[in-house]
Amino acid sequence: MNRLNFSGGPGALPESVLAETQRAIALVPEEGLSLLGISHRSDWFAAVLAEAEANIRALLHLPEDYHVLFLQGGATLQFSMIPMLLLRRRTQTAEYLHTGYWSGKAIPEAAREGAVKVLWDGADAGFRRLPRDTELPYAADAAYLHYVSNETVEGLQFHRVLGRDDVPRVCDMSSDFLSAPCAAERFALIYAHAQKNLGPAGVTVVIMRKDLLADVPANLHAALDYRNHVSARSIFNTPPVFAIYVVLLVTRWLLRDVGGLVRMTEVNRAKADRLYALIDASDGFYVGRAERGDRSLMNVVFNLESAEREAEFLRLAQAAGFHGLPGHRSLGGVRASIYNALTLDAVDALCEFMDDFRRRR
Ligand SMILES: *Cc1c(COP(=O)(O)O)cnc(C)c1O
């Protein structure tokens, strides 16, 4: 059975990308080698990196004064590398928003490096909504503001850019990167690992304004110093050639097949609208978790009346070919992750299954 991948991550990839990856694993004709055996020092891979970077720049209309890096260690390593760069041995305070599971993982790592102020904490209210602007007392002298644009576990997404223009904005976009235009030029640093919207696990894209590297603390470990990755053009040490190649194919797909991020967000909105409309019209049979205005277009999180009914729903959904619907292990419930490559047809199939399940109960 060919399952539809609604997993929170690794997510679905476009069929055409999978087919081309398969061919490249067998043979990259220009090199006469399998993709998995091609050197990261080859001219072929230099061209892969250059095109992947150019495609990301084109998709985001990224100004020249940004670096685009392909790093390892996942989004999790960025939780540490960012405060090492921007907070270590500084007197300023970094502002963090605690809006869900993933922002909660970033905060203690920052606190190891310096002063952190949690500007807003949604934990007590169970992470069912995001803060309004009036609830965010930004300081003009903060080192930077860090937030997560899309809380993957709880299904909460900011539909606006936060913060002040005079304080560097740092954003974890791991689960909504390249799903919509994001005004990249308003951020000092954006990071996103590949395995939700962009490719396989193993590579993390970091987009940083060049001036952030003007004042780097002394004695950073070499692999944790962004300057080394900049000067080595993302091959400071052996990079994941396979993962970066698939990211290149996905960015090509976004540009050529989808037609850019405005078009991508239209498709993503249509998918999310169908699921939320079904949930809202179910007379409380399905209950959306997030407050309406903060609903994620990437992760649709909902509950059924009881744990038993949820378990039955998930069991039948799995048998019917829908993969990855159980909610995050920290939260339970149901989560339909509908990243870029998950098609509208797949969402329609899930909607049909959900309608049918409700009618039978
Ligand atoms: C999945 C996820 C992470 C964890 O990323 P790793 O690459 O596993 O370190 C971090 N942030 C967000 C928003 C995520 O969705």
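Keep in mind that what you see is a predicted model, and the values were worked out from it rather than measured. (Residues numbered from 1 in each chain as written. Predicted model: local features only at pLDDT ≥ 70, side-chain atom pairs only at ≥ 80, totals over all residues. Heavy atoms only, no water.)

Draft legend 1. Main features of the sheet that holds strand S11 (residues 287-288). The sheet built from three strands is open, its strands ordered S11-S12-S14 with antiparallel pairing. Each end of this open sheet is capped by a strand with a single partner; those strands are S11 and strand S14 (334-337). Inspection of the sheet shows S11 paired to strand S12 (residues 299-303) by two bridges, in the antiparallel sense. Bridge pairing in S12 links Gly288 to Phe302. (Pairing = 2+ DSSP bridges. Helix = DSSP H or I, 4+ residues; strand = E, 2+ residues; numbered from the N terminus.)

Draft legend 2. Main features of the environment of Tyr339. The topology assignment puts Tyr339 in the loop between S14 and helix H9 (344-360). Remark: the alpha-carbon pair of Tyr339 and Gly74, spanning 265 residues in sequence, is separated by 18 Å.

Draft legend 3. Structural context of the site of the ligand. Within the structure, the ligand sits among 14 residues, and Thr76, Thr152, Asp172, His193 and Lys196 are positioned closest to it. Separating an oxygen atom of the ligand from a side-chain N or O atom of Thr76 is a distance of 2.5 Å. Here an oxygen atom of the ligand and a side-chain polar atom of Gln195 are 3.1 Å apart. Contact with the protein chains hides 87% of the accessible area of the ligand, taken as 390 Å² for the molecule alone. At four residues, helix H3 (residues 74-86) tops the list of elements feeding residues into the shell around the ligand. For the shell around the ligand, the per-class residue count stands at four nonpolar, eight polar and two charged. (Near = heavy atom within 4 Å. Polar contact = N/O pair within 3.5 Å; in protein donor to acceptor, adjacent residues only side chain to side chain. Areas by Shrake-Rupley, 256 points an atom, 1.4 Å probe, with all protein chains shown as cover. Nonpolar A, V, L, I, M, F, W, Y, C, P; charged D, E, K, R; others polar.)

Draft legend 4. How the structure looks around helix H2 (residues 43-60). The first and last C-alpha atoms of H2 sit 26 Å apart over 18 residues, in line with the 26 Å expected at 1.5 Å per residue. The set of residues buried in H2 consists of Trp44, Phe45, Val48, Leu49, Ala52, Glu53, Asn55, Ile56, Arg57, Leu59 and Leu60. Packed against the buried residues of H2 are strand S2 (66-71), strand S10 (204-209), helix H6 (241-258) and helix H7 (261-280). Immediately downstream of H2, the backbone of His61 shows phi near 50 degrees, a positive value. (Expected span 1.5 Å × (residues − 1). Buried < 20%, exposed > 50% of the residue type's maximum accessible area, 1.4 Å probe, protein only. Contact = heavy atoms within 4.5 Å.)

Draft legend 5. Up close: the domain arrangement of the chain. The domains assigned to the chain are domain 1 (15-258) and domain 2 (260-359). For domain 1 and domain 2, the distance between their C-alpha centres works out to 26 Å. On the domain 2 side, the residues contacting the 30 residues of domain 1 number 26 residues. Counting the surface lost from both domain 1 and domain 2, the interface buries some 2,400 Å², and carbon and sulfur atoms represent 52% of this. (Domains from an automatic or database assignment. Buried area = accessible area lost by both parts, 1.4 Å probe.)

Draft legend 6. A look at the sheet that holds S10. Taken together, the seven strands give an open sheet; going across it, the order is S2-S10-S9-S8-S5-S3-S4, and neighbouring strands pair in mixed fashion. Each edge of the open sheet is held by one strand with a lone partner, namely S2 and strand S4 (115-121). On average, each strand axis in the sheet is tilted by 15 degrees relative to the strand beside it, whichever way the strands run. Taken together, the three bridges between strand S8 (residues 169-172) and strand S9 (residues 189-193) define a ladder with parallel strand orientation. Within S9, the residue paired with Cys171 across the bridge is Ile190. Each of S2 and S10 is contacted by H2, which is oriented at about 130 degrees to S2, the strand it contacts most. Strands strand S3 (93-98), S4 and strand S5 (144-148) of the sheet are contacted by helix H4 (residues 101-111), whose axis makes an angle of about 160 degrees with S3. (Axes fitted to C-alpha atoms, helices over the stretch in contact; angles between N-to-C directions.)

Draft legend 7. Layout of empty space enclosed by the protein. Evaluation of the coordinates by the stated rule reveals one cavity of 30 Å³ or more. The volume enclosed by the largest cavity comes to roughly 30 Å³. Lining the largest cavity are Ala12, Leu13, Pro14, Lys196, Asn197, Val250, Trp253, Tyr339, Asn340 and Ala341. Looking at the lining of the largest cavity, its residues break down into seven nonpolar, two polar and one charged. Residues lining the lining of the largest cavity come from more than one domain, with at least three contributed by each of domain 1 (15-258) and domain 2 (260-359). (1 Å grid on protein atoms, 1.4 Å probe; cavity = no way out; pocket = protein on both sides within 12 Å on 5 of 7 lines; lining within 4 Å. Points joined across faces, edges and corners; volume = space filled by probe spheres on them.)

Draft legend 8. Geometry of the side chain of Asn299. Tracing the backbone shows Asn299 in strand S12. Judged by its relative accessible area of 0%, Asn299 falls in the buried class. Here Asn150 takes part through its side chain, which lies 2.8 Å from a polar atom of the side chain of Asn299. Residues within four places of Asn299 in sequence aside, it is in contact with Asn150, Thr152, Gly155, Ser175, Tyr276, Arg335, Ala336, Ser337 and Tyr339.

Draft legend 9. Examining unusual backbone geometry more closely. The peptide bond linking Gly9 to Pro10 adopts the cis configuration, its omega dihedral lying at -5 degrees. The topology assignment puts Pro10 in the loop between strand S1 (4-5) and helix H1 (15-26).

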